[in-house]
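# Structural characterization, general
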Amino acid sequence: MMRRKWTVLALAGLLLTLCGCSLARAEADGGFGDRLAGVYLYRWDSTSAANQGFHGNPNLTEYGSSTVELEGYGSFALPDQVLFAREVDNTYVFPGLEGGYSLFVLEKQEEYGEVTEMVGSMAPGEEGCATKVTDGTREQTLSGVVYFGPPLGQEEGWDANDAGTVWEAFRVYQTEDGRPYLDGGGNMYLGGGSFGFTISDERTVTENGEASTERTEVSVQVEEAQRLEKLAVTQFDGENGVLRRDELDLGEDLPEIRCEAGAAWVLVEEAGPEETVRTAYNVPREGEEPIAHGLVLLDGEGLGHLEDLFIGGNS
C-alpha cells in the first residue's frame with residue numbers, strides 16, 4: 001500500500017474576500033494507491049454553525065496511514081481516516097454528507113465476470129461518459145452538470161454571491177475489494193454563480209507481469225437555474241390553431257402528455273421570475289418515441305435535478 005507524505009502549510013490571513021473565486025486546497029497524493037472512481041460534490045452553508053467539515057464527521061473509519069516527518073524527530077506513521085459509502089436503496093450514500101451529487105464509476109469482479117457500475121445523480125454533461133481502451137492504455141472520462149438556485153420562498157432579491165454557499169468537490173476512490181470512499185481530498189469553491197472544474201488521475205497498473213496506464217478525467221459544470229413558477233404545454237393543429245393548453249402542477253410527478261387528434265406541434269413554456277423559455281416540437285408520428293423535454297426543478301433548499309416531461313403522439 002502506497003504511503004503519503006504530508007506537508008504542513010501555514011497560511012496567514014484570510015483568503016476569502018471575493019465570492020465566486022475558487023480556493024484550491026493543498027492536497028497530498030490521494031487514494032493510498034486505490035483507483036480514482038470519480039467525484040462527489042457537496043454544498044455547505046457557510047452561515048450555519050452545524051457545518052463541521054469532513055474531519056468533524058463521526059462516521060470516519062481508519063484506513064491506511066500517512067508518513068509525517070518532523071525535523072529532528074524523524075518520521076511518524078499516522079492512521080488516515082476515510083468516509084466509506086453505504087449502499088442504500090440501490091445507490092451509495094456518504095453518511096454525514098447526505099444530499100450531495102455523485103458522479104463515479106465502480107468496477108467490481110463478480111463470480112460471473114467484471115461488472116462496471118455507473119453511480120450518478122448529476123445531469124449528463126456535454127462530453128458524456130465513456131471508456132476508451134487502446135494498447136497499454138485505458139482512458140475513462142466522466143462529465144456531469146449540477147443545478148442550483150434560490151431556496152423556496154427566497155426567490156425575490158436572491159443573489160448567488162450573497163447566499164453563503166460553499167461547494168466542496170471530494171475525490172471518490174475505490175478500494176481493491178470494490179468499496180467507494182472519500183479521503184477528504186478535493187477542491188473547495190466559494191459562492192458565486194456558474195463555474196466548472198476538472199479533476200484527473202493517472203496510475204500504472206501491473207497485471208500478470210504486464211504494466212498498463214489507467215487515466216481518469218472527471219469534468220463537472222455547476223449552473224445557476226431559476227425556480228419555475230409555471231409549466232404549460234399548448235397543442236396546435238396544422239393551421240396553428242390552439243387545440244388544448246395544460247398547466248402542469250410542479251409540486252407533483254410530471255404526467256405524460258398525450259396529444260389530441262389533429263395536433264401537429266406543441267409548445268412547452270417554462271415561466272420563472274426572470275424569463276420564460278419557450279420550446280416547440282413537432283408531434284411524434286406513429287411508431288416514434290415520445291418527446292423527452294428536460295426540465296430543471298429545484299427542491300426546497302434550491303438544489304436542482306433534471307427531470308423529463310414526456311409528450312407522446314396522437315396515434
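See the structure printed just above.
Let me sum up the structure you'll find in this document.

## Remarks on the nonpolar core
In a soluble, globular protein the nonpolar side chains are often hidden away together inside. Val39, Leu41, Trp167, Phe197 and Val220 are the most contacted members of the largest nonpolar core, which has 26 residues in total. For this core, the elements supplying multiple residues, two or more each, are strand S3 (35–45), strand S5 (74–84), strand S8 (101–110), strand S12 (137–148), strand S13 (165–174), strand S14 (180–190), strand S15 (195–207) and strand S16 (210–224). Phe197 has contacts with Val39, Leu41, Ala169, Tyr189, Val218, Ser219 and Val220, leaving out every residue within four places of it along the chain. Counting 20 residues, the second largest nonpolar core, distinct from the first, contains Trp44, Ala85, Phe94 and Val166.

## Remarks on the sheet that holds strand S17 (residues 230–236)
The antiparallel open sheet is built from 4 strands, whose spatial order is S18-S17-S20-S21. If you trace the sheet from one side to the other, it starts and ends with strand S18 (242–248) and strand S21 (276–282), each paired once. Across the sheet, the axes of successive neighbouring strands diverge by a mean angle of 15°, strand direction being ignored. In this sheet, S21 lies alongside strand S20 (residues 265–271) in antiparallel orientation, the contact comprising 7 bridges. Bridge pairing links Glu270 to Val277 in S21.

## Side note on the pairing of S18
The pairing of S17 with S18 spans 6 bridges and is antiparallel. Looking across to S18, one finds that Gln235 is bridged to Arg244. Adjacent in sequence and paired antiparallel, S17 and S18 are bridged by 5 residues, among which Asn240 carries a positive phi angle near 70°.

## Details of the packing of aromatic side chains
Here the structure, examined in full by the defined rule, presents 14 aromatic pairs. Here the aromatic rings of Tyr63 and Phe84 are separated by 5.7 Å at their centres, their planes lie at 75°, and the arrangement is edge-to-face. Here the residue Tyr63 occupies a position in strand S4 (residues 61–70), and Phe84 occupies one in strand S5, the gap between them amounting to 21 residues. Given a relative accessible area of 13%, Phe84 falls into the buried group. Ring geometry for Tyr189 against Phe195: centres 5.0 Å apart, planes inclined by 25°, an arrangement best described as stacked. In this pair, the class of Tyr189 matches that of Phe195, namely buried. These aromatic residues form a ring-pair network of at least three members: Tyr40, Tyr92, Phe94 and Phe104.

Basis of the calculations
- Residues numbered from 1 in each chain as written.
- Predicted model: local features only at pLDDT ≥ 70, side-chain atom pairs only at ≥ 80, totals over all residues.
- Heavy atoms only, no water.
- Core = buried A, V, L, I, M, F, W, Y, C linked by side-chain atoms within 4.5 Å.
- Buried < 20%, exposed > 50% of the residue type's maximum accessible area, 1.4 Å probe, protein only.
- Helix = DSSP H or I, 4+ residues; strand = E, 2+ residues; numbered from the N terminus.
- Contact = heavy atoms within 4.5 Å.
- Pairing = 2+ DSSP bridges.
- Axes fitted to C-alpha atoms, helices over the stretch in contact; angles between N-to-C directions.
- Phe/Tyr/Trp six-rings, centres within 6.5 Å; stacked < 30°, edge-to-face > 60°.

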